[in-house]
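# A look at the structure
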Amino acid sequence: MAEEKDVRRVGPSGLKFLKKVPGDMLVAQSCQPVHIMEVAKKLGVKEDEVDLYGKHKAKLDLSILKTMKERKLGRYICVTGITPTPLGEGKSTTTVGLCQALGAYLNKPTIGCLRQPSQGPTFGIKGGAAGGGYSQVVPMDDFNLHLTGDIHAITAANNLLAAQVDARMFHESTQSDKALWRRMVPKRDGKPYLSPIMIRRLKRLGIEKEDAAALTDEEKSKFVRLDIDPHNIMWRRVIDTNDRFVRKILVGMGPKEKDHIRATGIDITVASEIMAILALATSLADMRERFSKMVVALDKKGNPVTADDLGVTGALTVLMKEAMKPNLMQTLEQTPMIVHAGPFANIAHGNSSIIADQIGLRMVGPDGYVVTEAGFGADIGMEKFMNIKCRYSGLEPNCVVLVATVRALKMHGGGPKVVAGLPLAKEYKEENLDLLDKGAANMQHMIKIAKKFGVPVVVAMNKFPTDTDAELKLLRQKALDAGADDAVVADHWFDGGLGAKALGEAVVKAAAQESKFKFLYDLNLPIKDKIEIIVKEVYGGKGVSYSKTAQKQIDQYTKLGFDKLPICMAKTQYSLSHDPLKKGVPTGFTVPIKEIRASVGAGFLYPLVGEMSTMPGLPTRPAFYDIDIDCDTGKVIGLS
């Protein structure tokens with residue numbers, strides 16, 4: 001317990017703010033969250049619309065959208081950032097601090113929406129993602145670990161589908177057509193029975209019959225043979241752990257499967273297409289429809305094989321039905337936070353779920369605000385928020401909050417390399433207006449990207465203790481020169497919602513403007529045109545080059561009708577270009593597209609720009625060295 005002499009103020013919720021900010025875990029454990037039902041009731045949610053998971057977290061039933069359908073939507077705020085250092089620039093912390101400012105200090109109905117973090121980075125090098133200092137989601141150990149099991153459900157669903165891919169190939173290679181038909185279409189009441197998902201497959205094959213007994217031998221053969229090409233399987237197994245040694249593996253090594261060995265790999269769960277679908281689905285039915293379209297392989301003629309062809313769509317939806325419900329939590333200052341989905345931002349679209357935002361906007365009503373975070377910088381997470389998420393949700397943002405730090409902009413101005421786990425160079429701890437002046441171009445470029453979507457921009461200058469008044473003054477002027485509607489110092493890490501009150505006031509003013517939102521490209525444009533618009537208009541590149549593989553995939557996707565999907569660029573977060581070593585605002589570069597993959601169920605094509613790992617590795621000293629539990633109190637120790 002803190003002594004009174006150490007307390008500098010007490011917040012509206014009773015939270016004690018100490019003169020010296022303790023570690024994140026200690027701050028989180030110093031507050032007493034209210035029962036989550038209290039948070040829900042203040043939002044107008046009924047008891048039968050909430051599934052409790054203990055005292056401090058709950059799932060929100062999707063029926064809320066029906067009961068609140070007549071309520072007008074609130075204002076929609078997207079939090080993004082500049083090109084970050086490996087340390088991160090505090091977007092999650094700013095999102096939480098802004099929500100605390102709007103809700104606890106400006107008395108605006110406010111809900112924050114965050115992604116659920118993967119346990120991989122939590123135990124790896126990055127740590128958790130609940131915010132920091134006096135701007136956090138609590139309980140932060142629940143937030144950063146299992147929460148309500150959504151990621152585990154994704155793992156189970158993904159791996160069920162992966163198991164069926166290999167099992168189906170095995171059974172087709174060891175059985176005749178008649179044996180496959182006999183086992184796949186068992187008799188019920190003396191007649192062969194086709195389940196609904198089987199009838200859908202028949203229709204895709206052009207066989208308009210629902211009576212199994214009416215099928216010819218040729219039609220039966222077409223039905224039971226997927227004829228998957230083992231060299232063209234896109235679907236991989238997943239785990240929610242950083243494990244570099246499973247990036248490439250062999251499966252089928254058992255004695256009974258010895259003739260079916262193939263090379264594959266395991267991805268981290270948040271890279272699964274099922275995670276992306278959870279984040280983009282607008283209803284349970286929409287999620288099931290998207291699952292059915294997931295292309296897991298090609299057959300030996302080059303035709304797509306889907307989850308529906310494998311008969312697993314309904315089972316996947318059953319495994320994911322509870323995960324579809326968003327999770328309700330709270331901040332340190334008892335403002336509501338919805339936590340749901342967590343797709344990677346460099347591989348997938350990097351935003352929390354559409355359904356969470358939709359529910360939040362209904363609950364806050366026309367006088368309220370929903371603040372949602374987009375992963376990494378404006379060139380990645382925000383661009384995908386605008387062009388993919390908003391396209392599928394039909395929602396329009398009212399304001400962009402661009403998080404910038406003096407530290408990161410000094411790096412972009414030519415400062416020494418920033419390495420996670422190593423001390424910062426003196427240039428980052430002392431005033432250096434020259435480095436900041438040069439590096440501010442990165443922030444200005446990001447402001448201009450947001451402005452291309454027709455949305456007001458407020459720059460949140462996330463304050464660090466080493467920042468000087470002169471540096472913050474210069475940063476503000478640079479932001480205004482680039483067209484930002486405002487630029488405000490935010491000290492929410494140190495002072496919670498009060499430290500972001502001025503930011504909240506700037507956001508309220510900016511979001512009151514009339515929306516002029518627009519997409520950056522038309523979906524009907526050819527694949528190459530959409531990619532080149534992103535490269536030139538967002539990254540500032542000169543052009544795009546395509547490998548032979550990428551060109552072949554473009555031709556194939558166009559033939560299959562996938563060319564009308566939006567583009568989700570898989571690119572490094574550490575540069576506007578494809579090269580993570582190029583800081584600031586690089587120019588004259590050509591972006592190389594190595595290959596283009598199709599997430600047809602999620603609803604996007606993702607071009608791979610250089611090498612993109614879908615399975616992180618553990619560092620020399622993982623974060624788990626510091627994580628433990630007090631066996632007397634049950635409290636988690638060392639989580640950050």
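Residues numbered from 1 in each chain as written. Predicted model: local features only at pLDDT ≥ 70, side-chain atom pairs only at ≥ 80, totals over all residues. Heavy atoms only, no water.

Below, the discussion takes up the domain arrangement of the protein. When its domains are assigned, the protein resolves into domain 1 (7-148 + 323-512), domain 2 (151-320) and domain 3 (527-608). Counting residues at the interface gives 11 residues for domain 2, matched by nine residues for domain 3. Across the interface of domain 2 and domain 3, roughly 710 Å² is buried in total on both sides, 62% from carbon and sulfur atoms. One can count zero salt bridges joining domain 2 with domain 3. On inspection of domain 2 and its partner domain 3, the count reaches five residue pairs in polar contact (both at pLDDT 80 or more). Mapped onto the side of domain 2 that touches domain 3, the elements with two or more residues apiece are helix H11 (273-280), helix H12 (284-293) and strand S16 (295-299). Considering every element that reaches the side of domain 2 that touches domain 3, the biggest residue donor is H11, with four residues. Counted by class, the side of domain 2 that touches domain 3 contains seven nonpolar, one polar and three charged residues. (Domains from an automatic or database assignment. Contact = heavy atoms within 4.5 Å. Buried area = accessible area lost by both parts, 1.4 Å probe. Salt bridge = Lys/Arg side-chain N within 4 Å of Asp/Glu carboxyl O. Polar contact = N/O pair within 3.5 Å; in protein donor to acceptor, adjacent residues only side chain to side chain. Helix = DSSP H or I, 4+ residues; strand = E, 2+ residues; numbered from the N terminus. Nonpolar A, V, L, I, M, F, W, Y, C, P; charged D, E, K, R; others polar.)

On to the packing of helix H14 (residues 354-364) against helix H15 (residues 378-393). Any two packed helices are characterised by how steeply their axes cross, that is the angle between the axes, and by the distance between the axes. Close contact between H14 and H15 brings their axes to 10 Å; oriented N to C, the two are set at 60 degrees. Overall, the two elements H14 and H15 adopt an arrangement that is oblique. Where H14 crosses over H15, the two elements pack in a sense that is right-handed. From H14, Ile354, Asp357 and Gln358 reach across to H15, where they touch Lys389, Tyr392 and Ser393. Residues that form the contact of H14 with H15 fall into these classes: two nonpolar, two polar and two charged. (Axes fitted to C-alpha atoms, helices over the stretch in contact; angles between N-to-C directions. Parallel < 35°, antiparallel > 145°, perpendicular 65-115°, else oblique. Left-handed = near helix turned anticlockwise from the far one by under 90°.)

On to the sheet that holds S16, then. The sheet built from three strands is open, its strands ordered S11-S16-S17 with antiparallel pairing. A strand with exactly one partner marks an edge of an open sheet, and here the two such strands are strand S11 (228-233) and strand S17 (304-306). Strand-to-strand twist of the sheet, defined as the mean angle between neighbouring strand axes without regard to direction, takes the value 50 degrees. Where S16 and S17 come together, three bridges link them in antiparallel fashion. Bridge pairing in S17 places Val295 opposite Thr306. Across the sheet, helix H7 (residues 150-174) touches S11 and S16, and the angle it forms with S11 is around 135 degrees. (Pairing = 2+ DSSP bridges.)

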